[in-house]
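In case you want the letters, here they are:
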Amino acid sequence: MSTAHLFTIGYEQSTPSAFQAALDEAKVELLVDVRAVAASRRPGFSKTALAAGIAEHGVAYVHLRALGTPKEGRLAARGGDHDALMRIYDAHLATAPAQAALEELASLAKGRRICLLCYERHVEGCHRLRLAQWMCERLDIGATHLIPAPF
């Protein structure tokens, strides 16, 4: 049985093969997509293609849409306003759907090596940092922020 551990990853500036290599190296068992919209213009990173691609490597996939950033938060992030992003996201996390998704996330993580997925390459500019902090406190586990090789 594996030891529980939390990873995060963003696919910005990466290829599907480099992304998969990072998951493989970390021995990730479950990829949890925390994008509000699990679509991408980048081949291999939309929900269906991503789930199929990682499944070939034995990694399961779950999309927790309720943990994604609301549209106004995504707009703040694109504009470089990290403080507004976090303010908007913190308010979003207080909603009933987000609270239910947080509980589901905590349940999924027990005894597994899971990885939170979003777009941003560096976790410091992404809402997944807030989720990782919550998970680490809640489950008393460590977090590693993966950065796949760039293209």
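Conventions we followed
Residues numbered from 1 in each chain as written. Predicted model: local features only at pLDDT ≥ 70, side-chain atom pairs only at ≥ 80, totals over all residues. Heavy atoms only, no water. Helix = DSSP H or I, 4+ residues; strand = E, 2+ residues; numbered from the N terminus. Polar contact = N/O pair within 3.5 Å; in protein donor to acceptor, adjacent residues only side chain to side chain. Salt bridge = Lys/Arg side-chain N within 4 Å of Asp/Glu carboxyl O. Buried < 20%, exposed > 50% of the residue type's maximum accessible area, 1.4 Å probe, protein only. 1 Å grid on protein atoms, 1.4 Å probe; cavity = no way out; pocket = protein on both sides within 12 Å on 5 of 7 lines; lining within 4 Å. Points joined across faces, edges and corners; volume = space filled by probe spheres on them. Phe/Tyr/Trp six-rings, centres within 6.5 Å; stacked < 30°, edge-to-face > 60°. Contact = heavy atoms within 4.5 Å. Core = buried A, V, L, I, M, F, W, Y, C linked by side-chain atoms within 4.5 Å.

Chemist: So, the side chain of His127: which residues are in play, and what are the values?
Modeler: Relative to the helices and strands, His127 resides in the loop between β4 (113-118) and α6 (128-139). Engagement of the side chain of His127 in a polar contact is seen with the backbone oxygen of Val34, the distance being 2.9 Å.

Chemist: Lay out the pattern of salt bridges in plain terms, naming residues and giving numbers.
Modeler: Scanning the entire structure with this criterion turns up three salt bridges. Here Arg35 ties to Asp33 by a salt bridge, and the two come within 2.7 Å at their closest N and O atoms. Judged on exposure class, the residue Arg35 and its partner Asp33 are both buried. For Arg130, the salt bridge is made with Asp90, and the minimal N-O distance between the two is 2.7 Å.

Chemist: Break down the layout of surface pockets for me, citing the residues and quoting the values.
Modeler: Size it by volume and the largest pocket reaches roughly 510 Å³. As for the largest pocket, its lining consists of 19 residues, of which Tyr11, Arg74, Arg78, Tyr119 and Glu120 are closest to the centre. Tallying contributions element by element places helix α3 (residues 71-78) first for the lining of the largest pocket, with three residues.

Chemist: So what about the packing of aromatic side chains? Which residues, and what values?
Modeler: A ring pair, where both rings are aromatic, is described by two values, the distance of the centres and the angle of the planes. This model, assessed by the stated rule, comprises three aromatic pairs. Ring centres 4.4 Å apart and planes at 10 degrees place the aromatic pair Tyr11 and Phe45 in the stacked group. Taken as a pair, Tyr11 in the loop between β1 (5-10) and α1 (16-26) and Phe45 in the loop between β2 (30-33) and α2 (47-55) lie far apart in primary sequence, 34 residues in all. Under the relative-accessibility criterion, Tyr11 is labelled buried at 3%. Measuring from ring centre to ring centre gives 5.2 Å for Tyr11 and Tyr119, while their planes differ by 80 degrees; the resulting arrangement is edge-to-face.

Chemist: Please provide a residue-by-residue account of α1, values included.
Modeler: Think of an α-helix as 3.6 residues a turn; residues three or four steps apart then line up on the same face. All buried positions along α1 are accounted for by Ala18, Phe19, Gln20, Ala22, Leu23 and Ala26. Those residues of α1 that are buried are in contact with β1, β2, α2, β4 and β5 (143-146).

Chemist: I'd like a rundown of the nonpolar core, residues and numbers included.
Modeler: The biggest cluster of nonpolar side chains holds 23 residues, and the ones touching the most others in it are Leu6, Val32, Leu67, Leu105, Ile114 and Leu131. Contributions of two or more residues to this core are made by β2, α4 (82-93), α5 (96-109), β4 and α6. By residue number, the principal contributor to this core is α5, which donates six residues. When sequence neighbours within four positions are dropped, the list of residues in contact with Leu6 reads Ile114, Leu116, Ala132, Met135, Cys136, Ile141, Gly142, Ala143 and Thr144. In terms of nonpolar packing, the next biggest core, distinct from the first, is built from 18 residues, Ile9, Phe19, Ala22 and Leu23 among them.

Everything listed is a geometric property; what it means functionally is a separate question.
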